[in-house]
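Listed here are the chains, written in short residue letters.
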Amino acid sequence: MPMYLSSASNAVVTLPQLLASRDARQKRQQEWLARHAITLISFTVVAPGPVKDSVLTRRIFNHGLRAIRHLAELSCWEIKHQNCLAQATGPEALLAINALPGAVKQATIELEQNHPLGRLWDIDILTPQGEILSRSDFALPARLCLLCEKTAAVCAREQAHPFTELTERMEALLNDADNSGAR
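Residues numbered from 1 in each chain as written. Predicted model: local features only at pLDDT ≥ 70, side-chain atom pairs only at ≥ 80, totals over all residues. Heavy atoms only, no water.

Novice: Describe the confidence of the model for the chain, listing the residues and the values that go with them.
Specialist: In the predicted model, the chain carries a mean pLDDT of 91, and 95% of its residues have values of at least 70. Element-level pLDDT for the chain is lowest in helix H4 (residues 152-158), with a mean of 88, against a maximum mean of 97 in strand S1 (residues 39-45). (pLDDT = per-residue confidence, 0-100. Helix = DSSP H or I, 4+ residues; strand = E, 2+ residues; numbered from the N terminus.)

Novice: Can you break down the packing of aromatic side chains residue by residue, with the values?
Specialist: The tally for this structure, following the rule as stated, stands at 2 aromatic pairs. Pairing Phe43 with Phe61 gives two aromatic rings, centres 5.1 Å apart and planes at 20 degrees, and the pair type is stacked. With Phe43 in strand S1 and Phe61 in helix H2 (residues 55-74), the pair connects residues that are 18 residues apart, well separated along the chain. Taken as a pair, Phe43 and Phe61 share a single burial class, namely buried. Summarising the aromatic geometry, the rings of Phe43 and Trp121 are spaced 6.2 Å apart at their centres and angled 85 degrees between planes, so their arrangement reads as edge-to-face. Residue Phe43 is located in strand S1, and its partner Trp121 is located in strand S4 (residues 121-126); the two are separated by 78 residues in the primary sequence. One aromatic cluster in this structure is built from Phe43, Phe61 and Trp121. (Phe/Tyr/Trp six-rings, centres within 6.5 Å; stacked < 30°, edge-to-face > 60°. Buried < 20%, exposed > 50% of the residue type's maximum accessible area, 1.4 Å probe, protein only.)

Novice: Tell me what's going on with helix H1 (residues 15-36), and back it up with residues and numbers.
Specialist: Taking 1.5 Å per residue as the helical rise, H1 with its 22 residues ought to reach 32 Å, and the 31 Å between its terminal C-alpha atoms agrees with that figure. Restricting attention to buried positions, one finds in H1 the residues Leu18, Ser21, Arg25, Arg28, Gln29, Trp32, Leu33 and His36. For H1, the buried positions fall inside an angular range of 135 degrees around the axis, keeping them on one side. Away from its buried face, by an angle of more than 90 degrees, H1 presents the exposed residues Pro16, Asp23, Lys27 and Ala34. Buried-residue contacts for H1 involve S1, strand S2 (78-85), strand S3 (92-98) and S4. With its phi angle positive at about 55 degrees, Ala37 sits one or two positions after the end of H1. (Expected span 1.5 Å × (residues − 1). Arc of directions from axis to C-beta. Contact = heavy atoms within 4.5 Å.)

Novice: Which residues make up the layout of surface pockets, and what values do they have?
Specialist: The space that makes up the largest pocket amounts to roughly 1,400 Å³. Contributing to the lining of the largest pocket are 42 residues, with Arg22, Val46, Ala47, Asp122 and Ala156 lying nearest its centre. Elements with a minimum of two residues in the lining of the largest pocket: H1, S1, helix H3 (101-114), S4, strand S5 (132-133), H4 and helix H5 (163-180). Looking at which element gives the most residues to the lining of the largest pocket, the answer is H1, with 6 residues. Of the residues assigned to the lining of the largest pocket, the class counts are 21 nonpolar, 11 polar and 10 charged. By volume, the second largest pocket amounts to about 200 Å³. In terms of lining residues, the second largest pocket is bounded by Glu112, Gln113, His115, Pro116, Gly118, Arg119, Arg135, Ala142, Arg143, Leu144, Cys145 and Leu146. Looking at side-chain class alone, the lining of the second largest pocket contains 5 nonpolar, 3 polar and 4 charged residues. (1 Å grid on protein atoms, 1.4 Å probe; cavity = no way out; pocket = protein on both sides within 12 Å on 5 of 7 lines; lining within 4 Å. Points joined across faces, edges and corners; volume = space filled by probe spheres on them. Nonpolar A, V, L, I, M, F, W, Y, C, P; charged D, E, K, R; others polar.)

Shown next as structure tokens:
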């Protein structure tokens, strides 16, 4: 049964909170792998700025969760277990899926590249042994910035773009997805 998230906290998140959240996510991932021992999808939203849990990120998250579930259905992958977390550091989902990790990663890369909101999603795939598959494992370059041709990591580190421009771009992508009826 899908579990979509609604109301958002709109809380300002500090760097220590964000780092603690990442550590907690990694711990949850390892606990899930120990409990389920199959491919794990860990899904979050790319959210620049100090507010990670907003109406905007929740809507983007829900689109992504629907797209991942639709992909699993089309690929005949059984989702054994699923959990969504509403946190001040942003919405998260974990899905234990009965499919080969490499096939899941390739399909989710395609989803990130082809869906109108795919650039705003961070879909990590973990093997049953806990290895995170990356784009570089498939000879793919790092993801690009939302606004320019540099890599996203470079622009984020340099804080190259005003937060308002990034938010406007996210909203435009969401409007495009809503208007196209994208899953």
